[in-house]
Every structure is written in C-alpha cells, then in structure tokens.
Amino acid sequence: MSTLFVSHGAPSLALAPGLTGQMLAALAASLPRPEAILVVSAHWDTRVPTVSLASQPETMHDFAGFPPAMYTQTYPAPGAPWLAEQVLALLQAHDLPVQAHPDRGLDHGAWVPLMLMYPQADIPVTQLSIQSRSSPAAQFALGQALQALHAQNILILASGAITHNLSDFFSADRNALPLTYVDAFADWMAARIAQQQWDSLCNYRNECAWARQAHATEDHLMPLFVAAGSVSGTALGTVFGAAQRYTPETTYGILAMDAYLWTAQG
C-alpha cells in the first residue's frame with residue numbers, strides 16, 4: 001500500500017476544494033482500495049504518541065470563524081480499533097512510548113482530505129498523534145516503527161502543510177500570489193525528499209534559510225517526517241520508490257498545497 005503526505009490547507013477546503021480537491025480525488029481513484037487508513041494529523045498534538053480506539057469517531061469541528069456550513073459537515077467513517085491495537089503493538093515493540101485514547105474523533109486535518117478522497121466514508125480510519133515538542137528525527141523514528149503496516153494494505157495518510165505561517169496571512173484571496181519564501185522552501189524540501197536525504201530533511205531548521213519563515217512552529221510539518229520514516233526502509237519485503245510530488249496550487253499566498261505519494265514497489 002502507499003504512503004501519502006498532503007497539505008490540508010484551510011478547513012474551508014471541504015467546501016471549496018479547487019485544484020487541491022481535484023488532485024486528492026484523482027489520487028484516491030488511482031490507488032488500490034485500502035483495508036483501513038491511519039491518519040497522522042497536525043491537529044492532534046500530544047506529548048506522547050497516542051492512537052484512537054474509537055469505533056465510530058465523531059467529526060470534530062476544531063476551528064472557529066468559518067461559514068455555518070462548515071459546522072454541518074460530517075464524515076461518518078467507521079473507526080478501526082483493531083488497527084489502533086496494531087499501532088500500539090508496533091510502537092511498543094520499538095520501545096517507543098505510546099498511549100491509547102478511548103474515543104478521540106477525527107479532526108479537520110483528517111476528515112477534510114478524507115472527504116475529498118473517499119466521500120463515501122466507508123473505509124475504517126483511526127488517528128495517531130504527532131509530538132511537535134519533540135523533533136523531526138523523533139517523528140521520523142515514529143514512522144519507521146509503522147513500516148510493517150504497508151504489507152497489510154493500510155494507507156498511511158500524513159496530513160499537515162508544506163508551508164504554514166499564519167502570522168504572514170495577508171489576503172483573503174485564495175489565488176493571491178505566494179510570498180517569496182513559500183516556493184523557495186517547498187522546492188528545498190522537494191529536493192531532499194526526491195534524493196531521500198533524510199538526515200538533511202530532519203535538520204531542515206538549521207540547513208534551510210527559509211525554514212522559520214515557512215514554519216513559525218513545527219506542528220504542521222511533523223506529519224511529513226512520520227511519512228518519510230515509514231518509507232525509509234523495508235519491512236516484510238515492501239520497498240518504496242522515489243516520491244511523486246504534486247503541486248496543485250498555493251492558497252492565500254502562504255499555503256503551498258504540495259502532496260507526496262510513495263508507492264510500494266514490491
């Protein structure tokens with residue numbers, strides 16, 4: 001099965017999907033149907049990796065100030081407690097601390113892209129949290145611990161943002177021209193991902209001149225490191241080729257909507 005990183009943008013992507021929505025729908029149609037989906041979202045941030053055991057996760061409206069229609073959106077996919085138990089076991093087997101949450105729902109970093117990819121909401125899904133207070137290397141190791149899931153037809157969907165500095169928000173125009181650093185940072189990251197320079201990728205904050213402009217805080221980039229870790233080695237014969245980059249658009253001049261797809265080769 002594949003691993004996918006997506007930039008989920010503003011919650012309103014659910015109502016105005018634009019080119020990003022078209023790309024996500026096409027991506028989902030091109031992939032084998034997963035047995036279940038493990039979402040690693042920037043919007044579940046905990047001190048210890050935590051997985052949800054919810055059997056019917058609620059749709060969380062974890063945002064404010066959006067049109068009323070946003071608060072009526074639901075994504076009634078079944079939960080995947082059996083997958084959550086596997087994630088618990090894998091992280092414990094790699095000596096990583098991990099906790100379970102009995103009924104944590106799907107935040108908008110999960111259900112917004114899922115709604116555009118799998119609108120029928122008929123594929124079981126659970127979430128694993130990120131730890132923005134740790135480090136990219138720690139998140140990479142978290143992904144490495146999940147590699148065995150690939151052989152079980154589990155889609156790992158990492159949902160965050162390639163660029164995410166809301167203090168630079170300057171326009172309500174979705175099609176505003178991007179600030180200079182947005183493309184520069186996205187391209188810097190793309191080069192490291194393409195060449196599988198994982199150490200450099202994890203050290204982006206020291207090596208990339210635009211890092212702190214693109215990410216005042218690291219939460220929205222942490223899912224990318226989990227995705228990269230999950231494809232960085234082999235488990236049960238699963239090998240991944242180079243990532244395919246998608247660049248559908250930049251929204252509001254600050255949010256590059258880049259996505260990366262790693263496809264299993266065998």
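What counts as what
Residues numbered from 1 in each chain as written. Predicted model: local features only at pLDDT ≥ 70, side-chain atom pairs only at ≥ 80, totals over all residues. Heavy atoms only, no water. Salt bridge = Lys/Arg side-chain N within 4 Å of Asp/Glu carboxyl O. Helix = DSSP H or I, 4+ residues; strand = E, 2+ residues; numbered from the N terminus. Buried < 20%, exposed > 50% of the residue type's maximum accessible area, 1.4 Å probe, protein only. Contact = heavy atoms within 4.5 Å. Phe/Tyr/Trp six-rings, centres within 6.5 Å; stacked < 30°, edge-to-face > 60°. Polar contact = N/O pair within 3.5 Å; in protein donor to acceptor, adjacent residues only side chain to side chain. Expected span 1.5 Å × (residues − 1). Arc of directions from axis to C-beta.

(A) Molecular detail of the pattern of salt bridges. In the structure shown here, the tally under the stated rule is five salt bridges. The residue D122 makes a salt bridge to R33 at a minimum N-O spacing of 3.4 Å. In this pair, D122 sits in the loop between helix 3 (108-117) and strand 5 (125-130) while R33 sits in the loop between helix 1 (18-30) and strand 2 (36-45), placing the two residues 89 residues apart along the sequence. According to the relative accessible area criterion, D122 is partly exposed, its value standing at 38%. Take R33: its relative accessible area is 52%, and that puts it in the exposed class. With its nearest N and O atoms 2.8 Å apart, the salt bridge here joins D107 to R104. Look at the salt bridges and you will find they share partners, linking D187, R245 and D258 into a network.

(B) Quick peek at the environment of T250. Along the chain, T250 falls in strand 8 (residues 250-251). Since its relative accessible area comes to 19%, T250 is described here as buried. Taking the C-alpha atoms as reference points, T250 and L19, separated by 231 residues in sequence, lie 9.7 Å from one another. Sequence-distant contacts of T250, that is, excluding residues within four places in its chain, are made with R174, P178, V182, D183, L255 and A256.

(C) Just the packing of aromatic side chains, in detail. In this structure the tally under the stated criterion is eight aromatic pairs. When the centroid spacing of 6.5 Å and the interplanar angle of 50° are considered together, the rings of F63 and W111 count as tilted. Here the residue F63 occupies a position in the loop between strand 3 (50-52) and helix 2 (81-93), and W111 occupies one in helix 3, the gap between them amounting to 48 residues. Judged on exposure class, the residue F63 and its partner W111 are both buried.

(D) Molecular detail of the side chain of H215. Looking at the secondary structure, you find H215 in the loop between helix 8 (211-214) and helix 9 (222-230). Here H215 falls in the buried class, since its relative accessible area comes to 0%. In this structure the side chain of H215 is engaged in a polar contact, spanning 2.6 Å, whose partner is the backbone oxygen of I162. When neighbours within four sequence positions are excluded, H215 is seen to be in contact with A161, I162, T163, H164, F185, Y204, R205, H220 and L221.

(E) Spotlight on helix 2. The end-to-end C-alpha distance of helix 2 is 18 Å, a good match for the 18 Å that 13 residues give at a rise of 1.5 Å each. Along helix 2, the residues classified as buried are L83, A84, V87, L88, L90 and L91. The buried residues of helix 2 occupy one face: seen down the axis, they fall within an arc of 165°. The inward-facing, buried residues of helix 2 abut strand 2, strand 3, strand 4 (99-101), strand 5, helix 4 (136-144) and strand 6 (154-160). In the segment just after helix 2, D95 is the residue with positive phi, at about 60°.

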